[in-house]
Amino acid sequence: MADTDIRRATAAERRELAELLAGLPGDAWDAPTLCAGWRVREVVAHMTMPFRLRPARFAGYLIAARGNFDRMADRRARADAAALSPRELTAALRDNAEHPWKPPGGRPEAALAHDVTHGLDITVALGLDRRVPEDRMRLVLAGADNPRAVRYFGVDLTGVQLSATDLDWTYGTGTAVRGTAQDLLLVLSGRALPPGRLDGAPGARFTAV
């Protein structure tokens, strides 16, 4: 798929998520998500951080975190979640739907994967029945099953085959674990899913190491 088509899909994902966020009750913003230690407001603050931080400020925060991106991202998500209202965070996502940001060294589909995964962190944790469109899921899964990406999240999938029930997609070999494509994306991303969402899951095997 051409880069322009991927960016169009990313913009659509951001707009749809912004519409969903705009309709959340106030207390939902303080509900936990699948990102351990982050509420909805921290996840959205993290998603919109690339749109709000100028490169020089970003570099300064990264230096303060001694070059550890994960530490810097966590600090900024918490600080920005405290400083910005749900309305401001939602606007930052909606107004930057077509922002060209992508992870350093990544291709445009990496930005789509970033937004889809974090959107699921919110909707699955809140029990919302949002289904990511199939074309977007196929784009995201094409990169998410890269062994290097799986190792980054520290998930042990030895002897396991992930098999989507709604798409023609599998990953790995071994004991079959079935679920929707978006739930399996969360498994690949090291998330702990609510009980009952997977068929054949061997429990602790999906705990990040």
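Just above, that's the structure.
Residues numbered from 1 in each chain as written. Predicted model: local features only at pLDDT ≥ 70, side-chain atom pairs only at ≥ 80, totals over all residues. Heavy atoms only, no water.

**Q** Hey, could you go over the overall build of the chain for me, with residue numbers and the actual values?
**A** When helices and strands are tallied, the chain shows nine helices and three strands. When the helices and strands of the chain are listed from N to C terminus, the series reads α-α-α-α-α-α-α-α-β-β-β-α. By the compact-globule yardstick of 17 Å for 209 residues, the chain fits well, its C-alpha radius of gyration being 17 Å. With the C-alpha coordinates of the chain rotated into their principal frame, the extents come out at 45 × 40 × 35 Å. For the chain, buried positions account for 44% of its 209 residues. Intrachain contacts of the chain at a sequence separation of at least 6 include 63% that bridge at least 24 residues. Split by element, the accessible area of the chain, about 10,700 Å² in all, is 52% carbon and sulfur. Charge centroids of the chain, computed over 28 positive and 26 negative side chains, lie 7 Å from each other. (Helix = DSSP H or I, 4+ residues; strand = E, 2+ residues; numbered from the N terminus. Rg over C-alpha atoms; globule rule 2.2 N^0.38 Å. Buried < 20%, exposed > 50% of the residue type's maximum accessible area, 1.4 Å probe, protein only. Contact = heavy atoms within 4.5 Å. Areas by Shrake-Rupley, 256 points an atom, 1.4 Å probe, with all protein chains shown as cover. Lys, Arg positive; Asp, Glu negative; His and termini not counted. Charge placed at Lys NZ, Arg CZ, Asp CG, Glu CD.)

**Q** Could you give an account of the pattern of salt bridges, with specific residues and numbers?
**A** As enumerated under the stated definition, the model contains 20 salt bridges in all. Of the charged contacts in the structure, one is a salt bridge between Glu13 and Arg136, with a shortest N-O distance of 2.7 Å. Here the residue Glu13 occupies a position in helix H1 (residues 3-22), and Arg136 occupies one in helix H7 (residues 134-144), the gap between them amounting to 123 residues. Note on Glu13: relative accessible area 0%, which makes it buried. Two residues, Arg39 and Asp30, come together in a salt bridge whose shortest N-O distance is 2.9 Å. Owing to a relative accessible area of 30%, Arg39 belongs among the partly exposed residues under this scheme. (Salt bridge = Lys/Arg side-chain N within 4 Å of Asp/Glu carboxyl O.)

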